[in-house]
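The residues making up each chain are set out below.
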Amino acid sequence: MSIKKRWISLFVENDVGVLARISGLFSGKSYNLNSLTVGTTEDETVSRMTISLTSDDKTFEQVKKQLNRSVEVIKVIDFTDVPIHLKELMFIKVNHCTEKDKQEIFRISQVFGVKVIDYNPTTALIESVQTEKRNNELVAMLSSAFLNRIEIVRGGSVAIEAISLSER
Amino acid sequence: MQISGAELFVKALKAEQVDTLFAYPGGQAIDLFNALYGETEIDVVLPRHEQGLVHAADGYARSTGKVGVCLVTSGPGATNLVTGIATANYDSVPLVCFTGQVPTNLIGNDAFQEVDIVGITRSICKYVVTVRKREELGTVIKKAFYIARSGKPGVVLVDLPKDVQRAMGSDEYPEKVEIRGYKPNTAVHIGQIKKALETLKRAKKPLFLVGGGVNIAHAGQEMTQLAELTGVPVVTTIMGKGAIPTTHELYIGNIGIHGSYAANSAISECDVLFSIGTRFNDRITGKLGTFAEHATIIHIDIDTASISRNIVVDIPIVADAKNAIVALLEKAVPLHLKEWRARIGEWKVQHPLRMKKEVLTPQQIMEAINDTFEEAIITTDVGQNQLWATQFLELNGKKQLLTSGGLGTMGYGLPAAIGAKLGNPKKHVIAISGDGGMQMNIQEMATAVVYELPVIICVLNNGYLGNVRQWQEMFYQKRYVSTCLRYRRSCAAICNSPTGECPEYTPDFVKLAESYGAKGIRVTKAEEIEAAFQEALKNTKAPTIIEFIIEREVNVMPIVAPGNPLSSMVLESEEDAV
C-alpha cells in the first residue's frame, strides 16, 4: 500500500456547518489532512473544496466513500492522477531589510517568477502564486537568506482539471 | 393561510404520520408544546429523563419500522440526548430529534440554556441542521424525515430556535423533497449478483453471514427462502440474529468473540463467505488477518463505506439487503452440501452452547422466556445479560430482539422496552437487564407505570458489573476494580472474590418496584422461574420487575481473548472444565 499525497476536488452545499462536517470527518476518523481550501462557485449555492491528504490506498478509498455518503456532499472527484492546474497563493514579508537585501529580494523574485507587491524602506512583501512544492522551495531559500526575518501566510492549494495538459 | 412555526411543526408531524411523540418540555420548546395542546392524533409521551426518552423512541422505531420522533428543549435537554442519538445512529435506527434553541439573535451569546447541539452531534448523526428562517421550516422537516428513513437509516437532528417557532408564515408542508447530494441506492447490479452466484455454485463449504442490515430491511423471510433454496447454512451477527428462525436446521448460531463453537468454526473453515448487511465489526472478526482466511468473500451492503473497510472483499454488491436477496432468489440454484452440513452438525453436537448447572442460571431464564412467550419483543441492556440473551434466546418472525449492538449502551433495555410497548401494545415486551444497567435509566419505571405499560423487566442480579468483572478475572489476574456493586466503605479495600457475607445489595429491586407502583418478584431458584413469569403476566396494567439472583461470578462462555483469532476460542471457564 503506497502512502502518498492525494488530491480531491469536492463539490458541497454552500451551507452553514458543511465545512465543520468535512473537517470533522478528517479529525474524527484520523485521516491525515494536509490542506483544505473552500470557496463558492459560479453557482452560489455550491462551494468547491480542494483537499490534499496523505494516505495509503485503502484509507484513501475510505475517505472518498465517507465523503460521498455525506448528505451535504454533491460530488467527489479524485484529482490524484489526473492532469490539473494546481496553485497556491502565498505572501512572504521580509522585515529589517537593508538596501542590499532588497536588491537580492528583487533578483530572487525575478528568478522564481513571483512579484514584490508592496514595500517600504525596511520591508518587502512578495506574492507568490505557484505550486505548493515551488512555494516550499522559495520558503527554504528565503528562510536561509533572511533568517528569522520572514513572515509567511499560505492559502492552501486550489485545483481545477486541465484543458490541454496531458500531465501535471 | 399564515400559521406559526410551531403549528407547522405539528402539521408536519401529522403529514409524516407520527402517532407517538417522545417529548420533554422546557423554556425553548414551550411554544412547540403549546401547539400540541389538546392534540388527539399524536400521543405525546413524557418520559422522566431525556436519555430514557431517546432510547424509548429508538425502541419504538426498531420495533415498528417507523421513524422515532423526539422533542426536547435546548441546552441540557438537548445534551441529554447525545448517548441515545449515538446508540441509534450506530445501529442504523431512524430517528428525528427536534431540539428547542435560543432565539437566533441570541445564538452565540452564551444565553441561558444555549448549547451548540448541532456542533455536538454532527459526528454522531446522519444529518444535523439549525432552522434559521421560518420559510425554510417545512422543507427542512420534510428533508429530515426523508433522510432518517431512506438509504441506510439514521438519526437526523433539527434545531429549532424559539423565534422560528413563533414566527408566522406559510402553512404549506411540501410533499416531496430533492437533495442533490443524497440519492439512496435502490438498484441492484445484476452483473455482480450473477458473479456472486457463480462463485457460490463452485463452493464446497459456503456460508451465509447475516447482519443487522437484513433485519432493518425486513428481509428475514426472503433470507430464509434463499437459505432453503440453496441449502447454504447460516451464521449471524448479534444484530442479524432472528433473520432466519434460530430453530431452523440451517441456522448455526452467532459468530464473534462470544459466538458458538460451530458458528466460529464454520467461519474459519468456509470457502465462500456470503455476507449480507454487516460491517465486520471487531467484535465479530476477532484477529483480522485470520477471519475467514480460506474464503472468497462476497459482501452485500447498502453503505459503500462498509465494503472493504475491515476485511478485503472479493465481490462487492452495493444494495439494500431485501432488493439484493430478491434478485438472488430469482437466479439461485440448489447446491449439494451434504458433507459440509454434516461437518457443521458434528461441531454443534461436540460443543453446544450450554452453561454449567447452578441453582439458577441465565440459560434457564432465557429458556423460560423461549417457552413462555409465543410472540414477543425482547430488549436487552448491555453486558453479560445481553450476551446470554443473544446466545440462548430463540428468535423468529414473531420474536424480535432489540439490543444496542454497535455502541453498547448500558441503560438501554428498560426505556427501549417502553418505546416498543407503546408501539406494539398487543405484544408482550420483555426487558432483560443486569443490576448495573437497570440503575442507569431506572427513573423510567415511572413512565412505564403512568402509561400503564405491562412490560416485564428481568434483572439478572449478580452484584457485579459482570462483563468487566469477567475480563478482570480472565485477562487482568482477577484484580477486581470498581466492578462490585455490593461494595461498601466497610469492605476490605481489595477483594477479589465474594465472601458470601457481602453487604446487602442496594437498591432492593422488589421494594423499589413497589414504590413505583409496579410489581416486584424475587427469584432465587430455577423452580421459581416459570411461576414468576405467570405472575407477571397477570399484572396487565403495570410493569413487573423480576429480580433473578444469579451466581455472582458466572461467565459468558465461549470467549475469544482480545486480539486472538476466532478459532482460538476458550470454551469453558477453568474451574468448569471437566
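As a reminder, the structure under discussion sits directly above these lines.
All values reported here derive from a predicted model rather than from experimental measurement.

**Student:** Help me understand the interface of chain B and chain A, please; the structure alone is not making it clear to me.
**Tutor:** Interface size, as often reported, equals the accessible area lost upon joining of the parts. The partner chain A presents 18 residues to the 19 residues of chain B that form the contact. Among the residues of chain B in contact with chain A, Arg122(B), Arg180(B) and Arg309(B) are the three that bury the most area, contributing 40% of the side total. Seen at the junction of chain B and chain A, the total is three salt bridges. The closest approach of N and O atoms between Asp303(B) and Arg69(A), which form a salt bridge, is 2.7 Å. One can count eleven residue pairs in polar contact (both at pLDDT 80 or more) joining chain B with chain A.

**Student:** Can you help me understand the pattern of salt bridges in this one?
**Tutor:** Side-chain pairs of opposite charge can arise where the charged atoms are in close proximity. Residue and element names in this part refer to chain B. Counted by the stated rule, this structure contains 35 salt bridges over all chains. With a shortest N-O distance of 2.9 Å, aspartate 31 and arginine 166 are connected by a salt bridge. Of the two residues, aspartate 31 is situated in helix H2 (residues 30-35) and arginine 166 in helix H8 (residues 162-166); the sequence distance between them amounts to 135 residues. Here aspartate 31 falls in the buried class, since its relative accessible area comes to 14%. Here arginine 522 and aspartate 508 are joined by a salt bridge, their closest N and O atoms 2.8 Å apart. Of this pair, arginine 522 sits in strand E19 (residues 519-523) while aspartate 508 sits in the loop between helix H21 (466-475) and helix H22 (509-516), placing them 14 residues apart in sequence. Of the residues examined, arginine 522 reaches a relative accessible area of 38% and is grouped as partly exposed. In this structure aspartate 508 comes out as partly exposed when scored by relative accessible area, which is 27%.

**Student:** Explain helix H9 (residues 190-202) of chain B to me, please; I cannot follow it from the model alone.
**Tutor:** Three or four residues apart is the spacing at which side chains of an α-helix point the same way, because the helix has 3.6 residues per turn. All names here are of chain B. Its 13 residues place the ends of H9 19 Å apart at the C-alpha level, agreeing with the 18 Å of an ideal helix rising 1.5 Å per residue. Listed as buried for H9 are Gln192, Ile193, Ala196, Leu197, Thr199 and Leu200. For H9, the angular spread of buried residues about the axis comes to 160 degrees, placing them on one side. Along H9, the residues that are exposed and aim more than 90 degrees away from the buried face are Lys201 and Arg202. Packing partners of the buried residues in H9 comprise strand E9 (206-210), helix H11 (220-230), strand E12 (272-276), strand E13 (296-301), strand E14 (315-318) and helix H14 (321-331).

**Student:** Help me understand the pairing of strand E7 (residues 155-161) of chain B, please; the structure alone is not making it clear to me.
**Tutor:** Within a regular beta strand, the side chains point alternately toward one face of the sheet and then the other, so they alternate between its two faces. Residue and element names in this part refer to chain B. Within E7, seven of the seven residues are buried, which leaves the element mostly enclosed by the surrounding structure. Side chains of E7 alternate between two faces, with Val155, Leu157, Asp159 and Pro161 and Val156, Val158 and Leu160 buried alike. Here strand E6 (residues 127-130) pairs with E7 via four bridges, running parallel. In the sheet register, valine 129 faces E7, and the bridge partner there is valine 158. In this fold, E6 hands off to helix H7 (residues 137-149), which returns the chain to E7; that crossover is right-handed.

**Student:** Help me understand the sheet that holds strand E3 (residues 46-55) of chain A, please; the structure alone is not making it clear to me.
**Tutor:** In sheet architecture, strand pairing relies on hydrogen bonds along the backbone and comes in two forms, parallel and antiparallel. Residue and element names in this part refer to chain A. Strand order in the open sheet formed by four strands is E2-E3-E1-E4, and the pairing between neighbours is antiparallel. Every other strand in the sheet has two partners, leaving strand E2 (33-40) and strand E4 (73-78) as the edge strands with one partner each. Sheet twist, expressed as the mean angle between neighbouring strand axes with direction ignored, is 15 degrees. In this structure, strand E1 (residues 4-13) lies alongside E4, joined through five bridges in antiparallel fashion. In the sheet register, valine 12 faces E4, and the bridge partner there is valine 73.

**Student:** Would you explain unusual backbone geometry in this entry?
**Tutor:** Where the residue is not glycine, phi is negative for most of them; where a peptide bond is considered, it is trans in most cases. Residues and elements named next belong to chain B. The residue after threonine 506, namely proline 507, is reached through a cis peptide bond having omega 5 degrees. Inspection of the secondary structure assignment puts proline 507 in the loop between H21 and H22. Going from methionine 557 to proline 558, the amide bond is cis rather than trans, its omega being -5 degrees. The phi dihedral of histidine 218 falls on the positive side, at around 50 degrees, and the residue is not glycine. Within the secondary structure layout, histidine 218 lies in the loop between helix H10 (212-216) and H11. By relative accessible area, histidine 218 is classed as exposed at 52%. Although it is not a glycine, glutamine 477 sits at a positive phi angle of roughly 50 degrees. For glutamine 477, the location among the structural elements is in the loop between H21 and H22.

Rules behind the numbers
Residues numbered from 1 in each chain as written. Chains lettered and ligands numbered in written order. Predicted model: local features only at pLDDT ≥ 70, side-chain atom pairs only at ≥ 80, totals over all residues. Heavy atoms only, no water. Contact = heavy atoms within 4.5 Å. Buried area = accessible area lost by both parts, 1.4 Å probe. Salt bridge = Lys/Arg side-chain N within 4 Å of Asp/Glu carboxyl O. Polar contact = N/O pair within 3.5 Å; in protein donor to acceptor, adjacent residues only side chain to side chain. Helix = DSSP H or I, 4+ residues; strand = E, 2+ residues; numbered from the N terminus. Buried < 20%, exposed > 50% of the residue type's maximum accessible area, 1.4 Å probe, protein only. Expected span 1.5 Å × (residues − 1). Arc of directions from axis to C-beta. Pairing = 2+ DSSP bridges. Right-handed = clockwise from strand over helix to strand, strands pointing away. Axes fitted to C-alpha atoms, helices over the stretch in contact; angles between N-to-C directions.

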